[in-house]
Amino acid sequence: MSDQPGTNKINKQADLLVVNHLKKYFPVKTGVLKRVSGHLLAVDDVSFSVKSGETLGLVGESGCGKTTIGRTILRLTEPTAGSVNFDGKEVFDLKGDALKALRRDMQIIFQDPYASLDPRLRIGNSVMEGLEIHKIGNKQDRYQMAVDMLKKVGLEDYHSRRYPHEFSGGQRQRIGIARALTLKPRFIVCDEPVSALDVSIQSQVLNILKDLQDEFGLTYLFIAHNLGVVEHISNRVAVMYLGKMVELADRDELFRSPLHPYTQALMSAIPIPNPKLKRERIILKGDVPSPLNPPTGCRFHPRCPIAVAECALKEPPFVEKKPGHSVACWLA
Amino acid sequence: MSVTPATQTRDTILEVKNLKTYFFTEDGVVKAVDGVDFSVKAGEVLGLVGESGCGKSVSSFSILRLVGVPGKIVEGEIFFEGQDILKLSKDEMVKMRGDRISMIFQQPQSSLNPVFRVGEQVAEVLELHKGIKKKEAWARAVELLTLVGIPDPKKKAYAYPHELSGGQAQRVIIAMALALSPKLLIADEPTTALDVTIQAQILDLINELREKTDTAVILITHDLGIIAETADRVAVMYAGEIVEFANVEPIFEKPLHPYTQGLIGSIPVLGNVVARLEVIPGLVPNLIDLPPGCRFEPRCLLRQKYGLEVCARREPELVEVTKNHKVRCWLYTDSDEHSAPLKVE
Ligand SMILES: Nc1ncnc2c1ncn2[C@@H]1O[C@H](COP(=O)(O)OP(=O)(O)O)[C@@H](O)[C@H]1O
Ligand code: SF4
Ligand SMILES: [Mg+2]
């Protein structure tokens with residue numbers, strides 16, 4: 001079904017990462033005494049897996065919990081409940097050296113590469129930082145590895161001696177990628193890596209990410225709000241709404257036959273660069289509700305164009321409706 | 001400034017001629033807008049598209065005369081309904097901005113006054129520009145908030161801007177525009193800060209506004225999808241200049257300029273998966289230190305393909321190569337040192 005070579009191979013491959021019933025609630029403090037007055041349900045009982053060598057796209061609007069999932073998997077944020085298994089290891093149980101070893105295997109690329117680069121460090125030194133922390137090679141080896149990695153993302157030798165402010169947004173993103181890759185990780189969370197870039201630069205970075213995946217056999221969790229980008233890069237795609245996963249399927253299956261009304265609305269809302277295409281657009285009413293006080297039942301029901309009475313009362317379970325295609329909707 | 005109906009069916013309401021807006025910085029002169037010509041007809045949507053820094057916003061700021069130090073309009077004329085905007089007094093310009101030209105920016109909160117209730121702000125517009133009495137203005141403001149789809153408008157009229165979501169704030173701005181029925185609305189990345197489902201609502205609203213009031217819209221965006229779905233005519237900008245100008249269909253079906261072609265090829269289009277996206281190599285030029293010839297020359301793959309020498313030496317002009325389709329590129333225009341390798345029927 002897919003025009004992406006290797007998709008079939010990936011489908012048969014083992015899960016590298018398994019996320020089970022993951023929850024992350026942020027306490028909300030109010031008043032002068034800063035008492036905890038409630039919880040923000042950033043991620044609320046989410047389960048999925050990522051296969052070795054695949055790209056799992058994670059889409060949804062701002063605040064739906066995408067970034068929090070990525071950060072919790074990497075233990076940059078501690079979970080409220082649930083488990084993450086990476087290559088047989090329980091990530092939330094790891095401590096000390098075992099946790100340090102895991103950090104070599106799992107890396108992250110951010111939306112704003114500038115914020116993640118130390119402005120006082122030359123790029124070469126920034127890129128080799130991880131190698132230093134993990135005491136890999138001697139100083140000279142490390143510098144050489146950093147320069148090699150910079151070349152892989154299309155930068156030159158001399159760039160390693162420059163400072164972050166001397167680079168454009170696209171170049172900084174390449175530096176961020178080089179930096180994430182020096183430790184030869186197996187799994188990378190890409191959190192909106194091209195959202196801040198101009199279109200012509202976006203495609204440069206997307207192509208680099210694909211090339212590196214082929215070369216190093218990387219596994220990506222690719223977070224983005226741009227559906228076109230996600231469709232282009234992913235093997236499978238998961239859709240989130242207000243802390244919940246509402247749909248998950250193979251890329252082509254999801255984009256051809258989306259089952260969840262939110263996924264359908266999201267797709268119809270994307271403007272397509274073809275003026276001849278006249279589409280019927282599903283315009284959702286209202287704003288995205290707050291994760292502080294999410295709606296009862298199905299969280300999408302107040303905006304859902306096909307909701308029935310039941311939707312406001314009972315939360316729909318996330319179930320496999322077709323092989324490999326799961327959805328959380330009473331009517332799907 | 002109306003054009004004879006025989007040649008064009010609609011009146012031209014805005015005409016920008018050879019506009020140059022420069023910024024005089026410590027590092028040198030930034031030629032942000034460097035000789036831009038375009039016109040807008042009543043009731044149409046003119047799309048202005050290009051990557052960040054290409055001069056879209058400075059063009060719109062120039063039309064509104066909102067360019068501040070160290071920026072300056074150094075050359076050009078801007079005719080709005082026949083009047084040269086650049087010759088108006090400050091007071092006349094303020095009145096023009098309120099009465100006949102409205103604007104929407106990317107950050108709606110920045111166009112609202114943080115210390116006044118949104119209902120007051122809409123009402124004030126009505127009092128100032130339409131001479132409506134205070135009490136009536138408030139009632140009319142609530143009506144307008146209802147019209148643009150603000151939930152619970154009677155209550156929300158008492159809200160302060162920070163209490164609104166980005167989408168709601170953008171609606172309030174549109175309500176103000178509606179209050180004035182302006183001749184021209186300049187919308188600068190009006191949905192860039194919003195989520196897609198909210199973006200769809202706002203674009204819908206802008207379309208409604210235009211149908212109800214026959215307002216012309218200059219829609220500025222980097223999103224080619226929005227352009228394709230909203231604009232009637234399109235100007236593609238690159239490094240301070242318009243490089244291609246045509247009706248929306250030919251821009252997407254037969255883009256002529258190598259930059260436009262590259263831009264269209266580099267977006268991942270929903271429902272149309274390609275193995276590899278096209279890439280425009282390199283970076284946009286520094287506007288202080290522009291290439292001597294065509295500004296796109298250092299990144300242009302077609303120049304290499306056709307072995308054009310002239311591109312590195314001389315700047316092409318924006319030329320109408322086929323009816324209503326202008327392009328700035330030596331591939332389509334002869335010079336005294338080369339003959340154009342491509343012809344357009
Ligand atoms: N450290 C934090 N404290 C409180 N709330 C947070 C924190 N980090 C994220 N959030 C909230 O969690 C929700 C989900 O955020 P996030 O994971 O960043 O979503 P996304 O990446 O989809 O934008 C949002 O409402 C956000 O404001
Ligand atoms: S003028 Fe030459 S360099 Fe410029 S876009 Fe045309 S072919 Fe390319
Ligand atoms: Mg995020």
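Residues numbered from 1 in each chain as written. Chains lettered and ligands numbered in written order. Predicted model: local features only at pLDDT ≥ 70, side-chain atom pairs only at ≥ 80, totals over all residues. Heavy atoms only, no water.

> Explain the nonpolar core here, please?
A general feature of soluble globular proteins is that nonpolar side chains tend to end up buried together. Residues and elements named next belong to chain B. Leu-14, Phe-38, Ile-63, Val-172, Leu-184 and Ile-218 are the most contacted members of the largest nonpolar core, which has 110 residues in total. Of the residues forming this core, the biggest block, 10 residues, is contributed by helix α6 (residues 166-180). When residues no more than four places from it in sequence are discounted, the contact partners of Ile-63 are Leu-14, Val-16, Phe-38, Ile-78, Ile-85, Met-93, Ile-186 and Ile-218. (Core = buried A, V, L, I, M, F, W, Y, C linked by side-chain atoms within 4.5 Å. Buried < 20%, exposed > 50% of the residue type's maximum accessible area, 1.4 Å probe, protein only. Helix = DSSP H or I, 4+ residues; strand = E, 2+ residues; numbered from the N terminus. Contact = heavy atoms within 4.5 Å.)

> I'm lost on the site of ligand 1 in this one. Help?
Residues and elements named next belong to chain A. Near ligand 1 the following residues occur: Phe-26, Leu-40, Ala-42, Glu-61, Ser-62, Gly-63, Cys-64, Gly-65, Lys-66, Thr-67, Thr-68 and Pro-291. Contacts to ligand 1 include Gly-63, whose backbone N or O atom sits 2.8 Å from an oxygen atom. In this structure, Cys-64 approaches ligand 1 through a main-chain N or O atom, which is 3.3 Å from an oxygen atom. For ligand 1, whose accessible area on its own is 560 Å², the fraction buried by protein is 60%. Counting only elements with at least two residues in the shell around ligand 1, the list comes to β2 (35-51) and α2 (66-73). Ranked by residues supplied to the shell around ligand 1, first place goes to α2 with three residues. For the shell around ligand 1, the per-class residue count stands at five nonpolar, five polar and two charged. (Near = heavy atom within 4 Å. Polar contact = N/O pair within 3.5 Å; in protein donor to acceptor, adjacent residues only side chain to side chain. Areas by Shrake-Rupley, 256 points an atom, 1.4 Å probe, with all protein chains shown as cover. Nonpolar A, V, L, I, M, F, W, Y, C, P; charged D, E, K, R; others polar.)

> Explain the packing of α6(B) against helix α7 (residues 196-213) of chain B here, please?
If you want to describe how two helices pack, look at the angle between their axes and the distance between the axes. Residues and elements named next belong to chain B. Taken N-terminus to C-terminus, the directions of α6 and α7 make an angle of 5°; their axes are 11 Å apart at the nearest point. It follows that α6 is roughly parallel to α7 by the angle criterion. Here α6 contributes Gly-167, Gln-170, Arg-171, Ile-174, Ala-177 and Leu-178 to the contact with α7, which in turn contributes Ile-198, Gln-201, Ile-202, Leu-205, Ile-206, Leu-209 and Thr-213. Counted by class, the contact of α6 with α7 contains eight nonpolar, four polar and one charged residues. (Axes fitted to C-alpha atoms, helices over the stretch in contact; angles between N-to-C directions. Parallel < 35°, antiparallel > 145°, perpendicular 65-115°, else oblique.)

> What is the right way to look at the sheet that holds strand β5 (residues 89-90) of chain A in this model?
Paired through their backbone hydrogen bonds, the strands of a sheet run either parallel or antiparallel. Residues and elements named next belong to chain A. Sheet architecture is open: four strands sit in the order β2-β1-β4-β5, paired in antiparallel fashion. A strand with exactly one partner marks an edge of an open sheet, and here the two such strands are β2 and β5. Pairing of strand β1 (residues 15-30) with β2 involves 13 bridges; the strand directions are antiparallel. Within β2, the position partnered with Lys-24 by the bridge is Val-43. (Pairing = 2+ DSSP bridges.)

> Sorry if this is basic, but what is going on with the pattern of salt bridges here?
In a structure, side chains of opposite charge can pair up when their charged atoms sit close to one another. For the structure shown, the criterion picks out 36 salt bridges over all chains. As a salt-bridge pair, A:Arg75 and A:Glu78 come within 3.4 Å of each other at their nearest N and O atoms. One continuous salt-bridge network, built from bridges that share partners, spans B:Asp34, B:Glu241, B:Arg295, B:Glu315 and B:Arg328. (Salt bridge = Lys/Arg side-chain N within 4 Å of Asp/Glu carboxyl O.)

> Would you take a moment to explain unusual backbone geometry for this structure?
Backbone geometry follows two general trends: most residues other than glycine have a negative phi, and most peptide bonds adopt the trans configuration. Residue and element names in this part refer to chain B. At the junction of Val-69 and Pro-70, the peptide bond is cis and its omega measures out at 5° in the coordinates. With respect to the secondary-structure elements, Pro-70 resides in the loop between α1 (56-63) and β4 (71-80). Positive phi values are uncommon outside glycine, yet Asp-152 reaches one of about 50°. Here Asp-152 is to be found in the loop between α4 (134-147) and α5 (153-156). You can call Asp-152 partly exposed: its relative accessible area is 47%.

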